[in-house]
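So you can see what is in the structure, the chains are spelled out below.
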Amino acid sequence: MSHLEHDAAVVMGAEDLSRLELLPPELVYSIFSHLSPFDLVAVSATSRTLYTRASADHLWQALVQENVPGIQVRTPAPCRSFKALYRAHDPYWYLPKYKIWFADVNLTGRLIIVRYDPRRGCIEGYQLVAANRSRTFQPWEANRNVSIHHFDPLVQLHMDKTMIQLDAVDSADSLAFDSDSPAWARFNTINLRLVRSRTSSMEGNFSRSPSPASLAPPKPSRLLSERQMQNYTDSMYATIFQTRVLSSDEISFCASPKFPYGFIWPPPAIPSGHRVFGTAAKLSGGRHFKPETRPSSRSDLSDKAFAIKTWLATRIPGRAVYNMSVIADPLAVSMMNLPLAVREDDAVDDALDDEASIRMQIGQELATYATLDPKLYTPTKEKPFRGIWVGDYSGHGCEFLLVTQPDDETPFDAKSIQPREEESPDEFEKRKHDETVYRGPLEAVKLTGDPNVPRGEVTFRVADLGERGLINICQYEPFEGVRIVKSQGHVGSTGFVNDSFIESQLLLISHDRLAQYWSEFGHVSFLQRVDIDGFLAPA
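These figures come from a predicted structure and were not determined experimentally.

(A) Broad picture of the overall build of the protein. Scanning the protein from N- to C-terminus turns up 18 helices and 23 strands. For the protein, with 539 residues in total, the buried portion stands at 50%. Put simply, of all contacts in the protein between residues at least 6 apart along the chain, 65% involve residues at least 24 apart. Summed over all atoms, the accessible surface of the protein reaches about 25,300 Å², with 53% contributed by carbon and sulfur.

Rendered as structure tokens:
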């Protein structure tokens, strides 16, 4: 029994201690290892002994680690403990946990990879981009009028432009995790920069020290809804917004059977049991997010989607320092009772160096991001083509796809495949393999798109990889021995009008390489699997 337990037993009497407190520490830790962060915090509030047990760093290290795939988190730096690190990034741990995020930006979309950098203790996200390093083509021996466009993609993160950066701030002032209240460390991550209000600018008064009462944090729901991210220049800013999960009734009411599907994100072509309002549905007056599209409590918060607002703020000569980007921001509005208030990342003194200017917000972009159920892109022995792929779309460049193979309505039993008469063992094993792997439908959905067929749309589909869809086994180079199946390719005019599916063929070269024969256009283009996990470890 520890000295804390002994003191409690003396004061209260051993009979007043809970049975949980009397258990050996290793048993308590084993029980606590199954609790959520919120349960741990709730338990820690019951007694001094359980507070000590529930604050054990190895428990919080495990909670951090389960949200950080691909790398081992061995230190809580820059925070003092793993509990402080968890609190510093709450409620944004879902960003590195699900890692793949695709946006509804214009028709082209955007794909980003979010990861945790243990060197800096920050959550960071970068756009995934690709370029074809080959510009050559060759005629297909099966049909000399068909061109095979060679494909050697270079897939990498666009490290010159950070899409997400959430720095850890170890704040002792953060509140405990509550079911309907976020960690108040959000407020502590926002540096204050002095901005003159309309009234004070007229009176010519500045104050470097607003009263403590005026600096009271805004309501928890607002902190839960947004956070300003690190900016890298004096003029570029970004804010991340939480989104609200839509109920099935809301989806049924708002969704439309045609593009853009009532601005629900992700769109219906991407399997998901978790949808939110897309960017266009969030807008109020064309600039800001409607309050009803954002969560009011933790129970409303979506951990499968979020939104980002980016903007450029420029200085214009004037009589006051006034940040229009802040006034446009709901959290800043709640702070405007301050004589001087703003939320930016530059030092306070920087604002005072340029008092005779007005700061205007221009070039604003709003984007809603959603993630994918890992099951959709994780290949299995029976569904080997599932995954994230990059495809060659000629003049449109490279685009990223989700290739899905739905589960069987009834489980497949490989034992049902029996040898045939006069079939050799090798022939039987090959047929067994083919019937196990090549069966059922396959569909490719664009995660990034182009003006003809945008993001979130099916780019091609196969009704059956098995015997019903089989065309032949190719006898001509460079696809000799490759299985060719019937497919339908999605095409459309600029602006995604007059779209239709045309007959095409899919060449199953390997589990990591496919080719689509667009017979109507007379060319073959390739697709290659992307190793997403290869981008999770910071270089």
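(B) Region of the structure containing the environment of Thr 49. Topologically, Thr 49 is positioned in helix H5 (residues 48-54). Along the sequence, Thr 49 and Glu 21 sit 28 residues apart, while their C-alpha atoms lie 6.7 Å from each other.

(C) Highlighting the packing of helix H4 (residues 37-44) against helix H6 (residues 57-65). H6 packs onto H4 with a crossing angle of 160° between their chain directions and a minimal axis gap of 11 Å. With respect to their mutual orientation, H4 and H6 come out roughly antiparallel. The crossing of H4 and H6 is left-handed. Residue-level contacts link Pro 37, Leu 40 and Val 41 of H4 to Leu 59, Trp 60 and Leu 63 of H6.

(D) Region of the structure containing the pattern of salt bridges. Applying the stated rule across the entire model yields 22 salt bridges. One salt bridge in this structure joins Arg 115 and Glu 124, with 2.8 Å as the shortest N-O distance. Residue Arg 115 shares its accessibility class with Glu 124, and that shared class is buried. Of the charged contacts, one joins Lys 383 and Asp 408 as a salt bridge, the two residues approaching to 3.0 Å between their closest N and O atoms.

(E) Representation of unusual backbone geometry. For the bond running from Asp 90 to Pro 91, omega is 5°, close enough to zero to count as cis. With respect to the helices, strands and loops of the structure, Pro 91 is situated in the loop between helix H7 (82-89) and helix H8 (94-98). Cis geometry marks the peptide bond from Glu 477 to Pro 478; its omega dihedral reads 5°. Its place among the elements puts Pro 478 in the loop between strand E19 (470-473) and strand E20 (483-493). Notably, Phe 263 is not glycine yet its phi reads approximately 60°, a positive angle. Mapping Phe 263 onto the fold places it in the loop between helix H12 (248-254) and strand E9 (264-265). Of the residues examined, Phe 263 reaches a relative accessible area of 40% and is grouped as partly exposed. Although it is not a glycine, Glu 422 sits at a positive phi angle of roughly 60°. For Glu 422, the location among the structural elements is in the loop between strand E16 (398-404) and helix H18 (425-437). Classification of Glu 422 as exposed rests on a relative accessible area of 84%.

(F) Representation of the packing of aromatic side chains. Overall, the coordinates contain 15 aromatic pairs when judged by the stated rule. Ring centres of Phe 102 and Trp 265 lie 5.6 Å apart, and the angle between their planes is 55°; on these two criteria the pair is classed as tilted. You can see Phe 102 sitting in strand E1 (residues 100-103) and its partner Trp 265 sitting in strand E9, a full 163 residues away along the chain. Members of the aromatic cluster, each reached through a chain of ring pairs, are Trp 60, Tyr 86, Trp 93 and Tyr 116. The ring of Tyr 393 is capped by Lys 446, whose NZ or CZ atom sits 4.4 Å from the centre of that ring.

(G) Spatial organisation of a nonpolar patch on the surface. Residues Leu 23, Leu 27 and Ile 31 make up a contiguous nonpolar surface patch of about 230 Å² in total accessible area. Position of Ile 31 relative to the elements: it lies in helix H3 (residues 25-32).

(H) Focus on the nonpolar core. Counting 45 residues, the largest nonpolar core has Leu 95, Trp 101, Phe 306 and Tyr 369 as the members making the most contacts within it. Take this core: its biggest share by element is 5 residues, from H7. Val 390, Leu 402, Val 530 and Ile 532 belong to the second largest nonpolar core, which has 39 residues in total.

(I) Representation of the pairing of E20 within the structure. Among the 11 residues that make up E20, 8 are buried, leaving the element largely enclosed by the rest of the structure. Where E19 meets E20, 3 bridges bridge the pair, whose relative direction is antiparallel. What sits directly across from Ile 473, in E20, is Arg 483. The loop that links E20 with its antiparallel partner strand E21 (residues 497-510) comprises 3 residues; one of these, Gly 495, has a positive phi angle of about 90°.

(J) Inspection of H7 at higher detail. Of all 8 residues making up H7, 8 are buried, and the element is well covered by its neighbours. Among the residues of H7, those classed as buried are Phe 82, Lys 83, Ala 84, Leu 85, Tyr 86, Arg 87, Ala 88 and His 89.

(K) Just the packing of H6 against H7, in detail. As a packed pair, H6 and H7 sit with axes 7 Å apart at the nearest point and diverge in direction by 35°. Residues Asp 57, Trp 60, Gln 61, Leu 63 and Val 64 of H6 form the contact with H7, whose own contacting residues are Phe 82, Lys 83, Leu 85 and Tyr 86. Residue composition of the contact of H6 with H7, grouped by class: 6 nonpolar, 1 polar and 2 charged.

(L) Summary view of the side chain of Arg 529. By secondary structure assignment, the location of Arg 529 is in strand E23 (residues 523-529). From its side chain, Arg 529 meets the backbone oxygen of His 511 in a polar contact 2.6 Å long. Within polar-contact distance, the side chain of Arg 529 engages the side chain of Asp 512 at 2.7 Å. Setting aside residues no more than four positions away along its own chain, Arg 529 makes contact with Pro 379, Pro 384, Phe 385, Arg 386, Gly 387, Ile 388, Trp 389, His 511 and Asp 512.

Reading the values: the criteria
Residues numbered from 1 in each chain as written. Predicted model: local features only at pLDDT ≥ 70, side-chain atom pairs only at ≥ 80, totals over all residues. Heavy atoms only, no water. Helix = DSSP H or I, 4+ residues; strand = E, 2+ residues; numbered from the N terminus. Buried < 20%, exposed > 50% of the residue type's maximum accessible area, 1.4 Å probe, protein only. Contact = heavy atoms within 4.5 Å. Areas by Shrake-Rupley, 256 points an atom, 1.4 Å probe, with all protein chains shown as cover. Axes fitted to C-alpha atoms, helices over the stretch in contact; angles between N-to-C directions. Parallel < 35°, antiparallel > 145°, perpendicular 65-115°, else oblique. Left-handed = near helix turned anticlockwise from the far one by under 90°. Salt bridge = Lys/Arg side-chain N within 4 Å of Asp/Glu carboxyl O. Phe/Tyr/Trp six-rings, centres within 6.5 Å; stacked < 30°, edge-to-face > 60°. Lys NZ or Arg CZ within 6 Å of the ring centre and 35° of its normal. Patch = residues over 30% accessible without salt bridge, like charges linked within 9 Å, V, L, I, M, F, W, Y side chains within 5 Å. Core = buried A, V, L, I, M, F, W, Y, C linked by side-chain atoms within 4.5 Å. Pairing = 2+ DSSP bridges. Nonpolar A, V, L, I, M, F, W, Y, C, P; charged D, E, K, R; others polar. Polar contact = N/O pair within 3.5 Å; in protein donor to acceptor, adjacent residues only side chain to side chain.

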